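What follows is the residue order along each chain.
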Amino acid sequence: MRNVRVVLIISTLCLLIFGFRFKDDLFLISKNLDIFASLYKEVTINYVEETNPSRLMHAGIDGMLNELDPYTEYIPESEIEEYKLKYVSTQYGGIGASTVFIEGEWYINDLLENYPAEKQGLRSGDHLLKINEVAVSGKDRPQLSQLLRGPKGSMVKLTLKRDDQVFQKNLVREEIKQLNVSYSGLLANQIGYIKLDKFLENAGTEVKDALTGLQKQGIQSLILDLRGNGGGILQEAVKILNLFLPENVLVVSQKGKNAAKNVNYKTLMKPIAADLPLIVLINAASASAAEIVAGSLQDLDRAVVLGERSFGKGLVQQTFNLPYNSLVKVTVAKYYTPSGRCIQALDYAHRSKEGLVQAFADSSQRIFLTQGGRNVNDGNGISPDIYVESERLSPFTSSVLAKNLSFPFVNNYQKKHPQKPVIRNFQLKETDMQDFLKSLASKDLTYRTKADVLLEDLEKQLKADPAAKVLSAEISSMKQQLVLSRSQAMQSHYPELKRMLEQQIMNRYSYHKGQIEQGFQYDKALQQSIELLNAPGRMLTILKGEGEFKYIGRHAHNVKQETN
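Residues numbered from 1 in each chain as written. Predicted model: local features only at pLDDT ≥ 70, side-chain atom pairs only at ≥ 80, totals over all residues. Heavy atoms only, no water.

Caption draft 1: Structural context of the nonpolar core. Ranked by internal contacts, the top residues of the largest apolar core, which has 44 residues, are I194, F199, L211, L222, L226, F244 and L297. Counting residues per element, the ones that place at least two in this core are β11 (191-196), α6 (203-216), β12 (221-225), α7 (234-241), β13 (250-255), β15 (278-282), α8 (289-299) and β18 (326-336). Here the element with the most residues in this core is α8; it accounts for six residues. Aside from chain neighbours lying at most four places away, what touches L222 is G192, Y193, I194, L211, L214, F244, L276, P277, L278, I279 and L533. (Core = buried A, V, L, I, M, F, W, Y, C linked by side-chain atoms within 4.5 Å. Buried < 20%, exposed > 50% of the residue type's maximum accessible area, 1.4 Å probe, protein only. Helix = DSSP H or I, 4+ residues; strand = E, 2+ residues; numbered from the N terminus. Contact = heavy atoms within 4.5 Å.)

Put into structure tokens, the structure is as follows:
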């Protein structure tokens, strides 16, 4: 009885303290709302110049939310559709074609197979002149999207130019589905491959359908590619984990300040691939829900994670309705993988004196154990079991891409080669590459490298020091060396330019599927995965924490064994 009385007293005290805190919070909220509303009214009414009330309010909201994290944001009514398309829905009414803006003009770029644009004979490279008799020259992308998109079944009239011929196409808009699974197929030795680009609506169903289809083809193992996957809906990640893990297993939990946001997510059904050997590919752009899948499968020793350390987003957002059909997306919790680790990389709650967000220090990272006893760390993303460095484009090639300098060449190549090439083995000939390099000679190839930035900073510092004038000749010499290196860049970056062109060309013949398949021959992480799946004993050794941690990339070397 004495223990019961103690518990009741403590409970009563907690309720009283919570009640006082709650009242204090309500008072502060009410007080600050009154101040903000009065300030907004007085400034809007009395400011010497005309103001834009909506813009002022938006700036005030953005300023407030900027104190938090980049994922907490206000979405006005005018941006709701774009928000849903980016974060929730995979469907919209349109024609199934993307566009590219070059020198003030719009051109058809990528086409989606079996959608209106492709079925009506539009081609990549067609010059888009008008949409429903509205000239599009000089319009920005939101304006163009508004003209192209519309309700399913509605008509859109396009005026285009191909070579010297102007023509018109009447297209009926369809419901365009942006698939979460951009590719699934069979590799050598009955290895299945699924490329998952996002975790929006129906992602779990799409992965299940792809997996079921591959199982019917007799796959003996699977590669799940989450590279470049920025995440999406947490529940879709749970559905995908349920395909590979037993029923009633904890796969992720979320915890927030508000106890109502504390949720444990467990698998609910029997898996369809409980024993299928599995490799998950990640890179630095794999985030959020992608990290949940990779981290959970790693913690439960269900898959080997291969690639690069992931992005490190361990935060959960929820949307709340606001007046006048607007929304606010708020970070309500952090998520934790089955071992109990949170992989959030940046500490938004504690900023530097300059207001900059800092990464959690490596020294603050803690060690957790997987189900089988392997060491894994929290903070700073998911570290792979086998590290394979991704190929990164140089500033030179990135500049060629950003300025769409390859677009005319790819258009001409398709005209000269109407016959569809063999996809997986396709490579450009040396003569084709030399033609492309010649086409770049007259183009604007200015770009900034890290060396340019460092040299500019050094020059500024030296100018402030009179005694350093003697180094001006050395600075000039370094500048000349940078100019010379730019002139040699085309040859030094020849291999990556070639790969970029080949993928763009494959997209013209076989759309996104062909682009992915053609890239298999250059994909180091995929090749390493295939080798590993062909050595099941090595897979088992890694999952037991006995394997060798390997680094594969431009600076390839073996490092000391680590059980992670």
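Caption draft 2: Summary view of the packing of aromatic side chains. In the structure shown here, the tally under the stated rule is ten aromatic pairs. Ring centres of Y183 and Y193 lie 5.9 Å apart, and the angle between their planes is 55°; this geometry places the pair in the tilted category. One end of the pair, Y183, is in strand β10 (residues 181-187); the other, Y193, is in strand β11, and ten residues separate them in sequence. Each member of the pair, Y183 as well as Y193, carries the same accessibility label: buried. Summarising the aromatic geometry, the rings of Y413 and F426 are spaced 6.3 Å apart at their centres and angled 70° between planes, so their arrangement reads as edge-to-face. Taken as a pair, Y413 in helix α10 (residues 407-416) and F426 in the loop between α10 and α11 (430-440) lie far apart in primary sequence, 13 residues in all. Accessibility assignment for this pair places Y413 and F426 in one class, buried. The lysine or arginine in question, K313, covers the ring of Y71, its NZ or CZ lying 4.6 Å from the ring centre. A cation sits over an aromatic face here: K329 above Y87, 4.9 Å from the ring centre. (Phe/Tyr/Trp six-rings, centres within 6.5 Å; stacked < 30°, edge-to-face > 60°. Lys NZ or Arg CZ within 6 Å of the ring centre and 35° of its normal.)

Caption draft 3: Summary view of the pattern of salt bridges. The final tally for this structure, using the stated rule, is 19 salt bridges. Across the salt bridge formed by R162 and D126, the nearest N and O atoms sit 2.8 Å from each other. Here R162, found in strand β7 (residues 155-162), pairs with D126, found in the loop between α4 (116-119) and β5 (127-131); they are 36 residues apart in sequence, far enough to count as distant. As a salt-bridge pair, D299 and R341 come within 2.7 Å of each other at their nearest N and O atoms. (Salt bridge = Lys/Arg side-chain N within 4 Å of Asp/Glu carboxyl O.)

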